[in-house]
Amino acid sequence: MLENDIEILILLGKAYIKVGKYKKAEIILTKYKKNYPNSKDLEEVDFLLARIYLEQEKINEALNIFENIKKENPFSRFLGVSNFYLALLYYKKDKPKKTITLLKKYLRKKKE
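No experiment lies behind these values; they were computed from the predicted model shown.

Caption draft 1: Highlighting helix H4 (residues 59–72). Compared with an ideal rise of 1.5 Å per residue, which puts 14 residues at 20 Å, H4 spans 20 Å between its outermost C-alpha atoms and is within 8% of the ideal. All of the buried residues in H4 are Ile59, Ala62, Leu63, Ile65, Phe66, Ile69 and Lys70. Looking at the buried positions of H4, the neighbouring elements they touch are helix H3 (42–55), helix H5 (79–92) and helix H6 (96–111).

Caption draft 2: Spotlight on the pattern of salt bridges. A full pass over the atoms with the stated rule returns seven salt bridges. Between glutamate 44 and lysine 14 there is a salt bridge whose closest N-O contact spans 2.7 Å. Note that glutamate 44 is positioned in helix H3 and lysine 14 in helix H1 (residues 3–18), a separation of 30 residues in sequence. On the basis of relative accessibility, which here comes to 11%, the residue glutamate 44 falls in the buried class. Under the relative-accessibility criterion, lysine 14 is labelled partly exposed at 35%.

Caption draft 3: Expanded view of the packing of H3 against H5. In contact at an axis separation of 11 Å, H3 and H5 are set at 25° when each is read in the N-to-C sense. Relative to H5, H3 is oriented roughly parallel. Our pair here, H3 against H5, has a crossing hand that is left-handed. For the pair formed by H3 and H5, the contact residues are Phe47, Arg51 and Leu54 on the first element and Val81, Ser82, Tyr85, Leu88, Leu89 and Lys92 on the second. In the contact of H3 with H5, the residues fall into six nonpolar, one polar and two charged.

Caption draft 4: The arrangement of a positive patch on the surface in detail. Side chains of Lys98, Lys104, Lys105 and Arg108 sit close together on the surface and give a patch of like positive charge. Looking at the element boundaries, arginine 108 is found in helix H6.

Here is what the cut-offs are and how they apply
- Residues numbered from 1 in each chain as written.
- Predicted model: local features only at pLDDT ≥ 70, side-chain atom pairs only at ≥ 80, totals over all residues.
- Heavy atoms only, no water.
- Helix = DSSP H or I, 4+ residues; strand = E, 2+ residues; numbered from the N terminus.
- Expected span 1.5 Å × (residues − 1).
- Buried < 20%, exposed > 50% of the residue type's maximum accessible area, 1.4 Å probe, protein only.
- Contact = heavy atoms within 4.5 Å.
- Salt bridge = Lys/Arg side-chain N within 4 Å of Asp/Glu carboxyl O.
- Axes fitted to C-alpha atoms, helices over the stretch in contact; angles between N-to-C directions.
- Parallel < 35°, antiparallel > 145°, perpendicular 65-115°, else oblique.
- Left-handed = near helix turned anticlockwise from the far one by under 90°.
- Nonpolar A, V, L, I, M, F, W, Y, C, P; charged D, E, K, R; others polar.
- Patch = residues over 30% accessible without salt bridge, like charges linked within 9 Å, V, L, I, M, F, W, Y side chains within 5 Å.
- Areas by Shrake-Rupley, 256 points an atom, 1.4 Å probe, with all protein chains shown as cover.
- Lys, Arg positive; Asp, Glu negative; His and termini not counted.
- Charge placed at Lys NZ, Arg CZ, Asp CG, Glu CD.

Structure (structure tokens):
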């Protein structure tokens, strides 16, 4: 498959997310991960899957992916926004201290 075709799959997943068709986006992005395990865009695909799981109320799945993004790449371009989504997830899990900590990190990173 051509590089442009691979990028189109990610764009298609994003479009499905934007219109609230999370299951379709999940199917496309999960297949992407399976078919292109060494892709340079895998971190973005993981981030998108975590957002989908958040929307689907799959709290633990989303938490695992966002935490893994932070662990695997402390310089990830998704780090700041991942802290925001993690805060939302910990809020849903009734963990206010963790929520506050993550929101403070998010706000500090946003100022930089």
